[in-house]
Amino acid sequence: MTGKELIKNAFSLKETERVPWVPFVGVHGGKLIGLDAETYLKSADHQFNGISKAIEEYNPDGIPVVFDLQIEAETLGCDLLWAKDNPPSVASHPLMNGIKPEDLKVPELSDGRIGMSMEVAGRLNDAFPDIALYGLITGPFTLALHLMGTDVFMKMFEDEEYVHRVMEFCTEVGMFMAGEYIKNGCDVIAVVDPMTSQISPDQFRQFVSGPASEIFGFIRKKGALSSFFVCGYAQQNIEVMCDCRPDNVSIDENIPLDYVRDISLKKGVSFGGNMKLTVVLLMGSPEDCQRHALECMDLGGTKGFLLAPGCDLPMDTPTENLKSITELVHDTYQQEVIRTLKDKTEEMILPDMRDYGQSDKVIVDIITLASESCAPCKYMVDAVKNVAPEFEDILEWREHSIKKMDAVNFMNALMVRSLPTICIDGKIAFVSQIPPKQKLVQAIQERINEKLRLKIKKKRPEMLVLTEDADEGTQLKAMIEQAITELGSDVHIQIVNDAEKIRFYGISRTPAFITVDYKVKSQGRVPSLDVVKEWIKEVL
């Protein structure tokens, strides 16, 4: 049985002889042929060669033609910010810059990189007729957000009709792209709509269900299969996604696979996912990858399940990791070997975060997959970046991309389980939901107020009076005591007459005055390195 036949059987909810394997190769294809992401995505020849190399290396049953959710946005007037190791990101939003919805035009084959993508699809279909080709299109809600920016969330409450008009246009764009991919031999059209993870089921039904259902109906009439692809914490929307009648839903590691299995099979929809991109595929060993793949395969079973990464593969994913999954999928003996092996994964060394957030500044941490490649992550980072100037020197913000192990440890230390997430002074504040500006400002201001209210316990402040003249010291002490009385303060006075002690303080002329303010930063535990750094910054 060919890979294409295997995938068609899985989509039809037939028992399969083995679990189909669909590595979501995006710019990783450029890595395979020694090219950076920008060079790779701007050439049909490079993309054809990269995917051909991936097919040779990973023996997939299905594979995407190109994984870039900015292709449509680029043709519609969005400026792109290009990167060397990720797909580009959207840098401007036409509907925020004076363009009206009625001014937008559905693109043509000759616009932007659309024709290039269709050429790659046609060439791959001719070269690899036994593999199911996935044509990926930007989902209507994500495309609307590219066009409108985060204004879409406000307008969903203030101007529903405007949002519906934009969504209608995005639906037309989606059907155009789907039709072109089908013409060029794609077997599966995947509607990739990661920003739907940011809305509730009610909002999904109100704004997304109709457009998505229309696109899936169009794909069905054209004789192709369809997949609804979402990343981020979208568990609340799995049922409404299935109700849009795709042939398949595909999810990432934020959603339990057994939950998706139970919901989708009950709804008569196949499902795929949800291998961990960074901690396993990017940073793990081949053995880690095989163990994790087997866990997914055991949960998914052989009815309606396709094994795949949770999203497009990080560019630098080691080839040996992906080859090990190919070996496992095709070798039942290797599956039994892995089942009998003890998990040898080393325990993560987590920083002690119990005293985190005790500096005078408010620290906002955004834990992401990577803002340069993940749309929800980018817009969540933008949300923090946009409000930061309102707090001037009171706020400090940082992004922690879990493509690096120290960020993974940081994430686990804060007990973050879904991406993207905003933490304020080490406490989880917004989970996988881009907060409206006013809510984010309010949360930060509440923390600032809390720090002002919670007066950190202090040791009694001191004023040192350094003088070698005892009578002078007595007079100065009396003066300070009068000042303390008039201010109603509580300050300890210490007279230092000893010449050696005076020199110890670096004083060459007396009388001299030194004020000492003691702040208790931690009690009963050894703080982490990050916390100590915060304390040191305060006294520099």
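Data block above holds the structure.
These figures come from a predicted structure and were not determined experimentally.

**Here we look at the environment of Thr142**
And step 1. Structurally, Thr142 is set in helix α7 (residues 140-148).
And step 2. For Thr142, a relative accessible area of 0% gives the class buried.
And step 3. A sequence separation of 166 residues divides Thr142 from Ala308, and the C-alpha atoms of the two residues are 22 Å apart.
And step 4. The residues contacting Thr142, other than those within four sequence positions of it, are Val192, Asp193, Pro194 and Met195.
And step 5. A distance of 2.6 Å separates the side chain of Thr142 from the side chain of Asp193, its partner in a polar contact.

**Observations concerning helix α18 (residues 375-387)**
And step 1. In a regular helix each residue adds 1.5 Å, so 13 residues correspond to 18 Å; α18 covers 19 Å between its end C-alpha atoms and thus fits that length.
And step 2. Along α18, eleven of the 13 residues are buried, which leaves the element largely enclosed by surrounding structure.
And step 3. All buried positions along α18 are accounted for by Ala375, Pro376, Cys377, Lys378, Tyr379, Met380, Val381, Asp382, Ala383, Val384 and Val387.

**Describing the nonpolar core**
And step 1. Counting 159 residues, the largest nonpolar core has Tyr134, Tyr181, Leu307, Ile325 and Ile444 as its most contacted members.
And step 2. Once you skip the residues sitting within four places of it in the chain, Tyr181 turns out to touch Val65, Val66, Ser117, Met118, Ala121, Gly135, Leu136, Ile137, Cys186 and Ile189.

**Describing the packing of aromatic side chains**
And step 1. Applying the stated criterion across every chain yields a total of ten aromatic pairs.
And step 2. Here the aromatic residues Phe24, Phe67, Tyr134 and Phe229 are joined through ring pairs into a cluster of three or more.
And step 3. A cation over a ring is seen here: Lys42 above Trp82, with NZ or CZ 4.5 Å from the ring centre.
And step 4. Positioned over the ring face of Tyr162 is Lys155, at 4.7 Å from the centre of the ring.

**Focus: the pattern of salt bridges**
And step 1. Considering all chains together, one arrives at 25 salt bridges under this definition.
And step 2. Between Arg165 and Glu161 there is a salt bridge, and its shortest N-O distance comes to 3.3 Å. Linking Arg165 with Glu161, this pair stays in helix α9 (residues 160-183), spanning four residues, or about one helical turn.
And step 3. The closest approach of N and O atoms between Asp262 and Arg261, which form a salt bridge, is 3.0 Å.
And step 4. Three or more residues are tied together by salt bridges with common partners; here these are Lys53, Glu56, Glu57 and Lys323.

**Quick look at the side chain of Arg291**
And step 1. Looking at where Arg291 falls in the secondary structure, it is placed in helix α15 (residues 286-300).
And step 2. According to the relative accessible area criterion, Arg291 is buried, its value standing at 13%.
And step 3. In this structure the side chain of Arg291 is engaged in a polar contact, spanning 2.5 Å, whose partner is the side chain of Asp288.

**Quick notes on the packing of α15 against helix α16 (residues 319-330)**
And step 1. Direction vectors running N to C along α15 and α16 enclose 45 degrees, while the axes themselves pass 8 Å from each other. The angle between α15 and α16 falls in the class oblique. At the point where α15 passes α16, the crossing takes the right-handed sense. Residues Pro286, Cys289, Gln290, Ala293, Leu294 and Met297 of α15 form the contact with α16, whose own contacting residues are Glu320, Asn321, Ser324, Ile325, Glu327, Leu328 and Val329.
And step 2. When grouped by side-chain class, the residues that make up the contact of α15 with α16 number eight nonpolar, three polar and two charged.

**Quick notes on the packing of helix α13 (residues 257-267) against α15**
And step 1. At a closest axis distance of 9 Å, the pairing of α13 and α15 adopts a crossing angle of 25 degrees. As summarised for this structure, α13 and α15 are arranged roughly parallel, according to the angle between their axes. When you trace α13 past α15, the crossing you get is right-handed. Contacts from Leu257, Asp258 and Arg261 in α13 reach Cys296, Leu299 and Gly300 in α15.
And step 2. For the contact of α13 with α15, the class distribution of residues is three nonpolar, one polar and two charged.

**Remarks on the pairing of strand β10 (residues 362-368)**
And step 1. For β10, a buried count of seven out of seven residues is recorded, marking the element as mostly surrounded by other parts of the structure.
And step 2. What you see with β10 is no split at all: Val362, Val364, Ile366 and Thr368 on one side and Ile363, Asp365 and Ile367 on the other are buried throughout.
And step 3. Across seven bridges, the pairing between β10 and strand β11 (residues 395-401) is parallel. In the strand pairing of β11, Ile367 is matched with His400.
And step 4. Where β10 and strand β12 (residues 421-424) come together, four bridges link them in antiparallel fashion. Across the sheet, the residue bridging to Ile366 is Ile422, located in β12.

**Some points on the sheet that holds strand β13 (residues 427-431)**
And step 1. Taken in spatial order, the four strands line up as β11-β10-β12-β13 in an open sheet, and their pairing is mixed. The outermost strands of the open sheet, each flanked by one partner alone, are β11 and β13. Sheet twist, expressed as the mean angle between neighbouring strand axes with direction ignored, is 25 degrees.
And step 2. The strands touched by α18 within the sheet are β10, β11, β12 and β13, with β10 carrying the most contacts at an inclination of about 170 degrees.

**What to know about empty space enclosed by the protein**
And step 1. This model, assessed by the stated rule, comprises three cavities of 30 Å³ or more.
And step 2. Quantified by volume, the largest cavity comes out at close to 240 Å³.
And step 3. If you go around the largest cavity, you meet 23 residues; those closest to its centre are Leu69, Gln70, Ser373, Cys374 and Ala375.
And step 4. Counted by class, the lining of the largest cavity contains 14 nonpolar, five polar and four charged residues.
And step 5. Roughly 70 Å³ of internal volume is contained in the second largest cavity.
And step 6. Across the lining of the second largest cavity, the residue classes break down as seven nonpolar, two polar and three charged.

Cut-offs and rules
Residues numbered from 1 in each chain as written. Predicted model: local features only at pLDDT ≥ 70, side-chain atom pairs only at ≥ 80, totals over all residues. Heavy atoms only, no water. Helix = DSSP H or I, 4+ residues; strand = E, 2+ residues; numbered from the N terminus. Buried < 20%, exposed > 50% of the residue type's maximum accessible area, 1.4 Å probe, protein only. Contact = heavy atoms within 4.5 Å. Polar contact = N/O pair within 3.5 Å; in protein donor to acceptor, adjacent residues only side chain to side chain. Expected span 1.5 Å × (residues − 1). Core = buried A, V, L, I, M, F, W, Y, C linked by side-chain atoms within 4.5 Å. Phe/Tyr/Trp six-rings, centres within 6.5 Å; stacked < 30°, edge-to-face > 60°. Lys NZ or Arg CZ within 6 Å of the ring centre and 35° of its normal. Salt bridge = Lys/Arg side-chain N within 4 Å of Asp/Glu carboxyl O. Axes fitted to C-alpha atoms, helices over the stretch in contact; angles between N-to-C directions. Parallel < 35°, antiparallel > 145°, perpendicular 65-115°, else oblique. Left-handed = near helix turned anticlockwise from the far one by under 90°. Nonpolar A, V, L, I, M, F, W, Y, C, P; charged D, E, K, R; others polar. Pairing = 2+ DSSP bridges. 1 Å grid on protein atoms, 1.4 Å probe; cavity = no way out; pocket = protein on both sides within 12 Å on 5 of 7 lines; lining within 4 Å. Points joined across faces, edges and corners; volume = space filled by probe spheres on them.

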